[in-house]
Each structure stands twice: as structure tokens, then as C-alpha cells.
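Coordinate analysis (summary)
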Amino acid sequence: MSLAQDLTRILSRPTCIVGVGNTLRSDDAVGPFIAGRLQAELPPADGHVVVDAEDVIENHVFRIADSAVANVLVIDAVQGTGGAPGSLVLGELAELEVGGGYSTHKLALSMAASVLAQHGKTVYLLGIAAENVDFGMAMSKDILDSAETVIDLVIGRVGRSN
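This structure is a prediction, so every number in the text was calculated from the model and none was measured. (Residues numbered from 1 in each chain as written. Predicted model: local features only at pLDDT ≥ 70, side-chain atom pairs only at ≥ 80, totals over all residues. Heavy atoms only, no water.)

Observations concerning the overall build of the protein chain
What counts, and what does not: Helix numbering and strand numbering both begin at the N terminus, where a helix is a DSSP run of H or I of at least 4 residues and a strand a DSSP run of E of at least 2. Radius of gyration here uses only the C-alpha atoms, and the compact-globule reference equals 2.2 Å multiplied by the residue count raised to the power 0.38.
In terms of regular secondary structure, the protein chain is built from six helices and five strands. Listing each helix as α and each strand as β along the protein chain from the N terminus yields α-β-α-β-α-β-β-α-α-β-α. For 162 residues, the compact-globule formula gives about 15 Å, and the C-alpha radius of gyration of the protein chain, at 14 Å, lands near that figure. C-alpha extents for the protein chain along the principal axes are approximately 35 × 30 × 30 Å.

So, the pattern of salt bridges
Quick note on the threshold: In the sections that follow, a salt bridge refers to a side-chain nitrogen of Lys or Arg positioned within 4 Å of a carboxyl oxygen of Asp or Glu. For every residue, the accessible area obtained with a 1.4 Å probe (protein chains only) is divided by the maximum for its type, and the residue is called buried under 20%, exposed over 50%, and partly exposed between those limits.
Applying the stated criterion across every chain yields a total of four salt bridges. Measuring nitrogen to oxygen at the nearest pair gives 3.9 Å for the salt bridge that ties Asp-6 to Arg-9. With Asp-6 and Arg-9 both in helix α1 (residues 3-11) and three residues apart, the pair spans about one turn of that helix. The buried category is assigned to Asp-6, whose relative accessible area is 16%. What makes Arg-9 partly exposed here is its relative accessible area of 40%.

Here it is, written out as C-alpha cells:
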């Protein structure tokens, strides 16, 4: 399946979209950037929720766990994919962790995913390969381009899934 098809399948069920990242670490800000845009632009959709968790997903995990969503889609900058900056990876978080743990927030995401799974949620990671996660306020062009692609894909898929 293609990324768009996988995203359509995930978003066909009530989903919590969670942006994760540190807004002071360049490309790591991509998760909160996307979450902020989706909060502003996503059409009203029954069952879909957007959370900007920044770098503290643990502050939101029990609220998400107790919600009516079936899926959790974590959007985060990733490293170690072997892909070019801005390339996308999508899959169940547990499967991606086995492959080396791509996320820049490994421990917090792993614990959050465990809690969410215990509450019957399926947790996915949509990762965007980071070029630079050093301190800074600017995301690289490739990351911004991919962020726009993800935003367009999610908005288009939520519209189709309802």
C-alpha cells in the first residue's frame, strides 16, 4: 500500500492526531507545526481530534487513552531512517521501534504507546526524516515541504473518511 492509502485506512476510524516535538530544536518542531495547522484547518470531523503535545506526550496520554478514538497517529521528526531529509515513514509504532526506533522522543513515545495499547488504541507513527535537530527556530526547506504534504494528505483523507 502507498502512504496515502495507509493514511486513508488509519483515518477511516476515529483518530487522535498527535504532534510531537521540541519547537526549539529546528526540524524537531515539525510535529507541533503540523498539529497547529491541522487544529486551524481540519474540517469538523466526527471522532477526529488533534493534540499538540510538543515534547511532553506523557501529559496527554491518559486523556487520549480515555477518549473514544480507535487510532492514535503520532507525527514526529525522525532520525535513522536512511532516507533523505523530508522523507516520510508510516507504520505501527511498535513495529517501527523494533526496526531501530526512529523517533527523536523514543522513551516517552514508547511508554505512551504502551499505555495507549493497554486501552485498546492502535498507535501509528508518521515520521518525517529530520535534517537538523540542533537548537534553532527554523525548520529546513525539505521538512517544511513534507509538512505541507502531510497536512494536505490528512485534510484530504479526513474529508473522505467521513
